[in-house]
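Understanding the architecture of this molecule
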Amino acid sequence: MQTLEIHPEKCTGCRQCELACSWVQTGSFQPSRSVIRVHVFDEQASFAPYACFQCDEAWCMQACPVNAIDVDEETGAKIVLDPVCVGCKLCVIACPFGTIFFDKAEEVATKCDLCAGDPACVHACPTAAITVGEGRAGGWLAPFGEKVDGEYRRATDGGAS
Amino acid sequence: MTAGGWIGSVLRVDLSSGEIGREPLHGDHARDYVGGRGIAARFMWDEVEPTVDPFAPENPLIFATGPLTGTNASCGARYMVVTKGPLTGCLTTSNSGGRWGPELKFAGYDVLILEGRAEKPVWLWILDDRVELRSAEHLWGKGVFETEDILRRETGIPDCSIASIGPGGENRVLYAAILNDKFRAAGRSGVGAVMGSKNLKAICVRGTGAVPVADPRAMMAAQWEQKEVLSKAPLTSEGLPAYGTLALMNVINEHGALPTRNYQQAQFEHAENISGEELAETRLAANKACFACTIACGRVSRISDEGVERYTVRTSPRNWKHATEGPEYENAWSLGADCGIDDLDAILKANLLCNDLGLDPISLGATIAAAMELFEKGVLSEEQTGMPMPFGDGEALVALTEATGFRRGFGDDLAEGSKRLGEKYGHPEVFMGVKGQEFPAYDPRALQGMGLGYATSNRGACHLRAYTVSAEVVGEPEPMDPRATDGKAQLTVDMQNISTAVDATGLCVFLTFGNTLSDLTPLLAAATGIAYTDDDLVLAGERIWNLEREWNLRAGVDPGEDKLPRRMLEEPIPSGPAAGEVNKLAVMLPEYYRARGWTDDGRPTRDKLAELGIG
């Protein structure tokens with residue numbers, strides 16, 4: 001079971017990951033079709049690449065009406081089966097992280113497939129801000145998840161009492 | 001057109017008529033002039049009368065990318081703004097990074113040519129094939145930061161990249177800049193004022209298309225090699241990432257080549273207070289890269305809480321507490337050492353204002369430094385300047401930066417640059433520059449080659465046209481004695497040709513701190529499918545340089561303008577390691593003309609132009 005681990009504090013916002021990803025997808029340089037995207041928070045001096053977390057409980061997979069999203073047995077990546085996908089975009093709506101996209105050129109959903117275990121973005125990153133991790137999806141995200149979850153609970157508890 | 005690198009398309013917008021047209025990129029010109037600065041200069045040559053008034057509708061404003069812009073070659077972020085510059089009267093070439101250039105290519109264009117003048121303020125929206133002019137009346141008067149925020153909301157596309165002017169460009173400050181992605185600037189020679197004269201506030205671009213390459217396999221191999229070299233060279237793997245260009249502050253100061261108080265001294269006693277080391281320790285928030293850059297020399301820094309309180313101005317961004325990009329070495333020098341100021345907060349605030357107002361911090365700082373000299377010598381009174389402005393006064397620096405952007409009070413004089421300022425007040429000798437453009441941050445008395453580079457630069461004084469500092473201080477590619485004149489003519493010619501060629505590819509000249517041309521030709525060949533050799537690239541550089549030179553001559557910029565101020569030639573450096581030195585331009589200049597194959601009075605010969613295919 002693999003995931004991409006992202007270390008925003010090392011990211012410089014250069015987008016080599018987007019270039020590498022689009023290269024793998026299209027054979028040319030077209031960041032708009034990359035499935036890893038760098039978000040820039042200028043005034044906070046923070047840059048964050050984001051890509052699919054390969055959730056255990058993958059909502060994209062559950063939302064798909066034609067079972068076009070499958071699990072790669074080697075890597076555990078959730079992958080889109082292009083010939084099956086009908087381009088309905090339900091997965092794009094279902095994903096809570098915004099990391100599955102609709103490819104206008106091919107008219108199918110597109111997402112990170114971990115490049116069959118050897119992600120191009122990881123190789124391309126000059127500062128090791130993206131690495132390959134083993135283990136449970138979102139493990140490295142746990143503190144963030146707990147924080148969001150905690151805030152949510154506090155907010156809803158506060159509302160109930 | 002070839003199979004890759006270039007998109008093969010030029011977008012032409014006539015702001016007077018609102019007409020929008022597309023034309024194919026001229027294949028032979030693309031091959032011979034490569035791109036960016038070269039291809040745009042060729043447009044100027046073919047289409048523009050050199051004697052044109054810079055603010056006339058007939059003076060076009062050209063944004064040109066190179067064949068490697070938008071590829072994954074490291075540092076492939078650059079575009080060049082080319083026009084006739086109002087500060088210099090020369091064909092000017094202002095380069096910028098960030099994300100705007102790549103975005104233009106993803107939208108499907110190599111070059112954008114803007115002509116005419118809009119009747120009312122407009123902004124240009126380029127979303128792939130969709131190109132339209134929209135009213136910018138609600139944006140006129142606003143700073144760059146606010147303009148970008150509004151346009152992102154207005155387009156609903158946060159991923160767009162925006163190049164815009166601030167009040168500086170609107171008010172035709174002669175050294176107004178064009179800013180893209182908020183903090184990256186096509187800084188010099190007043191390209192922003194030309195944009196303002198066209199009533200064009202901003203160009204917002206979003207491209208979802210591709211930059212194709214001719215030979216994918218070769219491209220991948222070449223870019224790994226190129227990046228490998230950059231990741232091992234000391235400056236591109238350690239110096240620039242650790243301290244940005246500000247790494248130079250202490251180094252240049254130790255060499256006694258740091259111009260101080262309008263070039264009256266060549267060492268600043270408080271240089272370490274404004275050094276890259278100091279910034280990293282006290283105010284650095286992050287390193288930031290331009291598109292596809294694996295060096296990441298960009299600094300993101302924060303003004304200290306104390307500085308936020310101390311340096312407030314009347315207009316936005318009032319009490320800025322966020323992180324902001326900068327400062328570069330040149331800016332920390334012009335706003336710092338050249339003004340005798342050693343407070344990083346003052347420099348950061350003035351630099352931030354330059355970005356928001358759209359001003360070139362080099363010319364601005366240098367002009368304020370010249371005014372400070374006039375103030376200290378009693379030529380300018382407090383009544384004239386509106387405030388005391390002795391050297392070292394950070395509050396005056398910040399207040400005058402703002403005033404200049406709006407041409408308010410004494411800012412109206414400062415907005416004309418130090419040449420015109422000195423002339424107006426009867427002291428032309430305080431102008432430290434060439435062809436109307438202020439010097440950057442290296443004393444040409446201590447570094448002889450820089451003097452020749454400044455004097456012969458086609459866009460007025462500039463450090464990026466022939467960075468002889470590399471040989472004279474850093475020792476790359478080979479160490480040369482900074483005080484000697486021997487070999488400096490040939491060094492300057494070689495560096496001018498190579499830097500020009502690198503500019504034309506769409507890559508950043510900073511990569512020459514690691515890469516040589518031999519690392520770049522495989523990239524260019526793989527991308528375009530044309531088997532460029534190193535010699536081909538040097539020749540392209542020479543071709544572009546000669547064309548720019550000839551255009552300038554026809555514009556009326558006499559070879560007699562290849563000169564340095566008297567202070568550089570006759571007033572020796574008073575103290576420090578280079579004490580007693582003056583620049584020996586008279587020795588180097590004839591050698592330079594010979595090395596260029598020009599006439600003794602500095603004109604490209606008919607044979608030379610024919611040899612380069614310029615006609």
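Residues numbered from 1 in each chain as written. Chains lettered and ligands numbered in written order. Predicted model: local features only at pLDDT ≥ 70, side-chain atom pairs only at ≥ 80, totals over all residues.

1. A look at the domain arrangement of chain B
Residues and elements named next belong to chain B. Along its sequence, chain B is organised into domain 1 (9-206), domain 2 (241-438) and domain 3 (448-514 + 533-611). For domain 1 and domain 3, the distance between their C-alpha centres works out to 27 Å. Across the contact, 39 residues belong to domain 1 and 25 residues belong to domain 3. Secondary structure elements with two or more residues in the side of domain 1 that touches domain 3: helix H1 (27-33), helix H2 (36-47), strand S4 (79-84) and strand S5 (91-96). Here the element with the most residues in the side of domain 1 that touches domain 3 is H2; it accounts for seven residues. Across the side of domain 1 that touches domain 3, the residue classes break down as 15 nonpolar, 18 polar and six charged. (Domains from an automatic or database assignment. Contact = placed C-beta atoms within 7 Å. Helix = DSSP H or I, 4+ residues; strand = E, 2+ residues; numbered from the N terminus. Nonpolar A, V, L, I, M, F, W, Y, C, P; charged D, E, K, R; others polar.)

2. Some thoughts on the sheet that holds strand S11 (residues 184-186) of chain B
Residues and elements named next belong to chain B. The strand order across the open sheet built from six strands is S8-S7-S12-S9-S10-S11, with neighbouring strands paired in mixed fashion. Looking at which strands have only one partner, the edges of the open sheet turn out to be strand S8 (130-135) and S11. Between one strand and the next, the sheet's axes are offset by a mean angle of 20°, whatever the strand orientation. (Pairing = 2+ DSSP bridges. Axes fitted to C-alpha atoms, helices over the stretch in contact; angles between N-to-C directions.)

3. Overview of the packing of helix H21 (residues 488-505) of chain B against helix H23 (residues 534-554) of chain B
All names here are of chain B. Put simply, H21 and H23 touch, their axes get as near as 7 Å, and they point 95° apart. Taken together, the axis directions place H21 and H23 in an arrangement best described as roughly perpendicular. Counting all contacts with H21, which are made through Gln496, Asn497, Ile498, Thr500, Ala501 and Ala504, the residues of H23 involved are Leu537, Val538, Ala540, Gly541, Glu542, Ile544 and Trp545. Partitioning the contact of H21 with H23 into residue classes produces eight nonpolar, four polar and one charged. (Parallel < 35°, antiparallel > 145°, perpendicular 65-115°, else oblique.)

4. Brief notes about unusual backbone geometry
Residues and elements named next belong to chain B. The amide bond that connects Gly326 to the next residue, Pro327, takes the cis arrangement and shows omega of -5°. Its place among the elements puts Pro327 in the loop between strand S15 (324-325) and helix H12 (329-335). Geometrically, the link from Glu476 to Pro477 is a cis peptide bond, its omega value of -5° lying close to zero. When you line up the elements, Pro477 lands in the loop between helix H20 (469-474) and H21.

5. Section: the sheet that holds strand S1 (residues 9-14) of chain B
Residue and element names in this part refer to chain B. One open sheet accounts for six strands, arranged S2-S1-S6-S3-S4-S5; its pairing is mixed. Strand pairing shows two members of the sheet lacking a second neighbour, strand S2 (20-24) and S5, which therefore form its edges. Strand-to-strand, the axes of this sheet are offset by a mean angle of 20°, without reference to chain direction. Of the strand pairs in this sheet, S1 and S2 are connected by five bridges, and their pairing is antiparallel. Bridging from a neighbouring strand, Ser9 pairs with Pro24 of S2.

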